[in-house]
Amino acid sequence: MAVRATVSRFPMEQGAQETSGLPWGVTVTPFASKDENGQLPAYGSDGHLLPRCENCYAYFNTYCELDQWAWTCSLCGTLNGLTSRAIARYSHPQSCAEMMSSFIDLELPLEGSEEETMQACPVYVAAVDLSSSEEFLELTKSALQAALEALPPGALFGLATFSHKIGLYDVQGPIPIVKNVFIPPDTEGTLPVELEDVMPLLEFLAPVETCKDKITAALDTLRPTTSWERTTGAGQGIDGVLMGGRGFGVAMEALFKYLGSEYGNTFALARVFAFISGPPDYGAGQLDTRRYGEQYASKGEDADRALLPEQTPFYKDLAAVAVQAGVCVDIFAVTNEYTDLASLKFLSIESGGSLFLYSNTDDSTLPQDIYRMLSRPYAFGCILRLRTSSEFKPGHSVSGCHLIQYFGKLYVSFLILRDFFYMFLLQYGHFFPDPQYENVQHIICCDSYATYAYDFDFASTEGFSRYSSEQPVLQIAFQYTVVVPPEEAQPSSPLVSASGAKYSLKRRLRIRTLQFGAAGSIHEIYDSVDPEVVLSVLVHKVILASLEQGVREGRMLLHDWLVILTAQYNDAYKLVQIKNGNSVTGQVDVAFSQCPQLQSLPRLVFALLRNPLLRFHEEGVHPDYRIYLQCLFSALEPSSLHRAVYPVLTSYSTPDKQAYPRHSLSRAALITSGSPIFFLDAFTTLIVFYSSTSDPSLPFPPPQDCLLRTTINKLKQERSITPKLTFIRGGHDDASAFENYLIEEQDVDGNGFTSVMGFVSFLEEITQSVIEYLK
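Residues numbered from 1 in each chain as written. Predicted model: local features only at pLDDT ≥ 70, side-chain atom pairs only at ≥ 80, totals over all residues. Heavy atoms only, no water.

**Some details on the sheet that holds strand β6 (residues 70-72)**
Hydrogen bonds between backbone atoms are what pair the strands of a sheet, whose relative direction is either parallel or antiparallel. Strand order in the open sheet formed by three strands is β5-β6-β7, with antiparallel pairing between adjacent strands. With one partner strand each, in any of the chains shown, β5 (65-66) and β7 (79-81) form the two edges of the open sheet. Where β5 and β6 come together, two bridges link them in antiparallel fashion. The partner of E65 across the bridge, within β6, is T72. (Pairing = 2+ DSSP bridges. Helix = DSSP H or I, 4+ residues; strand = E, 2+ residues; numbered from the N terminus.)

**Quick word on the pairing of strand β11 (residues 165-170)**
For a regular strand, the rule is simple: side chains alternate between the two faces of the sheet. With six of its six residues buried, β11 lies for the most part within the structure. Both faces of β11 are covered, namely the face carrying K165, G167 and Y169 and the face carrying I166, L168 and D170. Looking at chain direction, strand β10 (residues 156-162) and β11 are connected through three bridges and run antiparallel. Opposite A160, over in β11, you have L168 as the bridge partner. Here β10 folds back onto β11 in antiparallel fashion, the turn holding two residues. Two elements, β11 and strand β12 (residues 177-182), share six bridges in a ladder whose sense is antiparallel. Paired with G167 across the two strands is N180, which belongs to β12. (Buried < 20%, exposed > 50% of the residue type's maximum accessible area, 1.4 Å probe, protein only.)

**What to know about the pattern of salt bridges**
Within this structure, the stated rule accounts for 21 salt bridges. Between R271 and D330 there is a salt bridge, with the nearest N and O atoms lying 3.0 Å from each other. Linking R271 in strand β14 (residues 270-276) with D330 in strand β15 (residues 327-334), this pair joins segments that are 59 residues apart in sequence. We note that R271, like D330, is buried. Several salt bridges converge on common partners, so that one network encompasses R4, D530 and E532. (Salt bridge = Lys/Arg side-chain N within 4 Å of Asp/Glu carboxyl O.)

**So, the sheet that holds strand β31 (residues 685-690)**
The five strands are arranged β29-β28-β30-β31-β32 in an open sheet whose pairing can be described as mixed. The sheet is open, and its two edges are formed by β29 (657-663) and β32 (724-729), each paired on a single side. Between one strand and the next, the sheet's axes are offset by a mean angle of 20°, whatever the strand orientation. The pairing of strand β28 (residues 648-654) with strand β30 (residues 677-681) spans five bridges and is classified as antiparallel. Within β30, the residue paired with T650 across the bridge is F679. Its contacts with the sheet put helix α25 (residues 707-718) on β28, β29, β30, β31 and β32, and the angle it makes with β30 is roughly 5°. (Axes fitted to C-alpha atoms, helices over the stretch in contact; angles between N-to-C directions. Contact = heavy atoms within 4.5 Å.)

**Thoughts on the state of the cysteines**
Taken as a whole and assessed by the stated rule, the structure comprises zero disulfides. In this model C64 remains outside any disulfide bridge; the closest cysteine sulfur is found in C73, 5.4 Å from its own. Residue classification places C64 among the buried positions, given a relative accessible area of 9%. (Disulfide = S-S within 2.5 Å.)

**Quick look at helix α23 (residues 638-645)**
Within α23, six of the eight residues are buried, which leaves it mostly tucked inside the rest of the structure. Buried residues of α23: P638, S640, L641, H642, A644 and V645, and no others. At its buried positions, α23 is contacted by β1 (2-5), β3 (25-29), α19 (531-549), α21 (601-610), α22 (623-633) and β29. At the N-terminal end of α23, a side-chain oxygen is found 3.1 Å from the backbone nitrogen of S639, two or three residues along, and the residue is E637. (Polar contact = N/O pair within 3.5 Å; in protein donor to acceptor, adjacent residues only side chain to side chain.)

**Comments concerning the side chain of D35**
Counting through the fold element by element, D35 comes out in the loop between β3 and β4 (42-44). Judged by relative accessible area, which is 12%, D35 ranks as buried. There is a polar contact of 2.8 Å between the side chain of D35 and the backbone nitrogen of N37. Looking at D35, its side chain comes within polar contact range of the main-chain nitrogen of Q39, at 2.8 Å.

**Section: the packing of α19 against α23**
Contact pair α19 / α23: the axes reach a minimum separation of 9 Å and the direction vectors enclose 75°. Judged by the angle between their axes, α19 and α23 are roughly perpendicular. Contacts from E532, V533, L535, S536 and V539 in α19 reach P638, S639, L641, H642 and V645 in α23. (Parallel < 35°, antiparallel > 145°, perpendicular 65-115°, else oblique.)

**Section: helix α5 (residues 134-150)**
One turn of the α-helix equals 3.6 residues, which is why residues spaced by three or four share an orientation. With 17 residues, α5 should cover 24 Å at 1.5 Å per step; its first-to-last C-alpha distance of 25 Å lies within 8% of that length. Among the residues making up α5, those that are buried are F136, L137, L139, T140, K141, A143, L144, A146, A147, L148 and A150. (Expected span 1.5 Å × (residues − 1).)

**Quick look at the packing of α21 against helix α27 (residues 758-774)**
Put simply, α21 and α27 touch, their axes get as near as 11 Å, and they point 110° apart. The angle between α21 and α27 falls in the class roughly perpendicular. Between α21 and α27 the crossing geometry is right-handed. Residue-level contacts link P602, R603, V605, F606 and L609 of α21 to G758, F759, F762 and L763 of α27. Each residue belonging to the contact of α21 with α27 can be placed in one class, and the counts come to seven nonpolar, one polar and one charged. (Left-handed = near helix turned anticlockwise from the far one by under 90°. Nonpolar A, V, L, I, M, F, W, Y, C, P; charged D, E, K, R; others polar.)

**Considerations on the environment of P51**
With respect to the helices and strands, the residue P51 is situated in the loop between β4 and β5. Between the alpha carbons of P51 and L82 there is a distance of 7.7 Å; along the sequence they are 31 residues apart. What P51 contacts, discounting residues up to four positions off in sequence, is A58, Y59, F60, W71, L82 and Y90.

**Points about a negative patch on the surface**
Where like charges cluster on the molecular surface, the negative patch consists of E194, E196, D197 and E203. Within the secondary structure, E196 is located in helix α6 (residues 195-198). Judged by its relative accessible area of 35%, E196 falls in the partly exposed class. (Patch = residues over 30% accessible without salt bridge, like charges linked within 9 Å, V, L, I, M, F, W, Y side chains within 5 Å. Areas by Shrake-Rupley, 256 points an atom, 1.4 Å probe, with all protein chains shown as cover. Lys, Arg positive; Asp, Glu negative; His and termini not counted. Charge placed at Lys NZ, Arg CZ, Asp CG, Glu CD.)

**Describing unusual backbone geometry**
Put simply, F700 and P701 share a cis peptide bond, and its omega is -10°. Assignment of secondary structure puts P701 in the loop between β31 and α25. A positive phi angle, close to 55°, is found at D46, a residue other than glycine. Phi angles above zero are rare outside glycine, and D340 is one such case at about 60°. Along the polypeptide, D340 turns up in the loop between β15 and α14 (341-349). A residue is classified by how much of its surface remains accessible, and D340, at 0% relative accessible area, is buried.

**With respect to the pairing of strand β24 (residues 504-515)**
Among the 12 residues of β24, nine are classified as buried, and the element is accordingly described as predominantly covered. Looking at chain direction, strand β23 (residues 473-484) and β24 are connected through 12 bridges and run antiparallel. Paired with Q479 across the strands is L509, a residue of β24.

Limitation: the analysis is restricted to geometry and does not speak to function.
Given below as structure tokens:
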């Protein structure tokens, strides 16, 4: 469990937090095997016996005071008695994980009988779009072949197809057999027969270990629906327009109900891989993609705002069905046409799945991505709970009563800024909140990369005591289930069958308790900033602002945040003064030269404004690509997000010798460095660029056994998705793919023209805005 805070020294009280201009919060990666410093948790058992506070229900931890008969809660200060069993347990502290470390992982007893816990077969179902092309199906077949290699031997696999009908494959007989059921064309229609009646679920779900060849044979039979089939099966749509026959919504709903009948019996979690090549346009759940196009010019609608919200609640409601059925949905969209991912995304993000978008089949990394996804461990049935010491709590960044006073001098819309901070949820991430308990989130499926963010607020105006020895404490509890392979089970366990293929479930409780210092001054706050975490919280905020108010408002609010931070910093360091109420004396320090921890923030904000996440629709940003970035960025841990927003540019004097570890993203940096080789890591893209003036004797591309290649291979292995690797030789190849990342010489306003003073002009504009703000 990795936990990182925007500031490692918390503000002393609300006024200090507001004056700093910084967001106050943390990011949490609960299923990360190590903490942010690379330390493993202390492992133990009997997690259900861990003492809990009678007042705040926090778990006993190393920061609690312990005597012979009682312990004092480190979060709320309550004195709690110890049971005789706990007294005996803590008389041997070396044998207790909670006495050895503040980061622990404890086994919990599973509910239910032994026979119930045996039903732990991992279940995977592929749902393939046949209203597609041959190229799409060939790519999907390659991806599923890769998936079959990554699946554990004890897994069950089902193959389904959808178009104007749903096909279920039985691969357990001599030859693959497909049974079809037609989808009603009307938007309110349901299947005339349940899938269980078409094919019993246990006939549909085949053991991968014994049926891999037959599954491969079934994949080879997949063919696109012909134009004749679509004409006769799908029929005519609205105003006589031929329907494409992609009944995705009905197919997903039917599959969730189909799988849900065995939830808790055959499986504890099922994953559905939905491969789709275009928008659902048939039956219930069909989407009107005509809203994307030139009609905005005639209707006067803001495309940057109108294309972000979902057009129908169908898929959000369907996500609830998936969650109830214990189904996690991963969507793989391979298309360059508008598919309205704004509506479809709820299936993946609310069920704990992922959303992937590939614009074409030629250079798609779909097979690598699905193999990578299935090869890493994941947890399911997760509950995430955050508790704080009594002085602060998860809450809004700035309380509503202080917003107008805080932003009152700003020359832009005061009400928008007020709404910007006040509208945000208490937490951010791909989970859903518990309807009954505050600050409890449910996560259907969680891998080691999934990251969530929290904002903090003070519980009262008093803040943290300056004279108290007690420090702010944060505790995060993560309860989860994993499927354990037979070799990890006890040899005598009844969960291991004679064939050795049975898997078992393990319920665990992971707890991380952290103690933070309180800053005595604003300078201490600034010196403790983690800019990557600040960026992470800002990205969550602007995504929500964009969804609520449009991209234009999100951009403006991000810009104004930097203006406020710069003004507060300059005021704190007494760098500028207001004379006679309207003139400013002194030089505005927009580079944060007196605080190294803040110096990267202007570049990060500039880069975020240049990112497709916040660029305007008229600049050519596809709305589906924007939604894909929203889903990707909102789940990345801070260091990965940093690379995605502001890529790392490194130079090499030879493929075996690094020259400089980091450059600014500008042509000037390339020229002044004098290095012949540059390596750019943009998270989803890796580029090796040889300058046009490099020595022709340097090997191109770099050899496999060199330092540069070793670095690239290591980064690829550590990525949550497969980055595309490109080699470019300046003067010979088209260098635009590399040069497009040199954003510091591009105009941040996005007017379509580049400017050699892009970042410099941006800083000058921020300076003028700060002066106006201070006046």
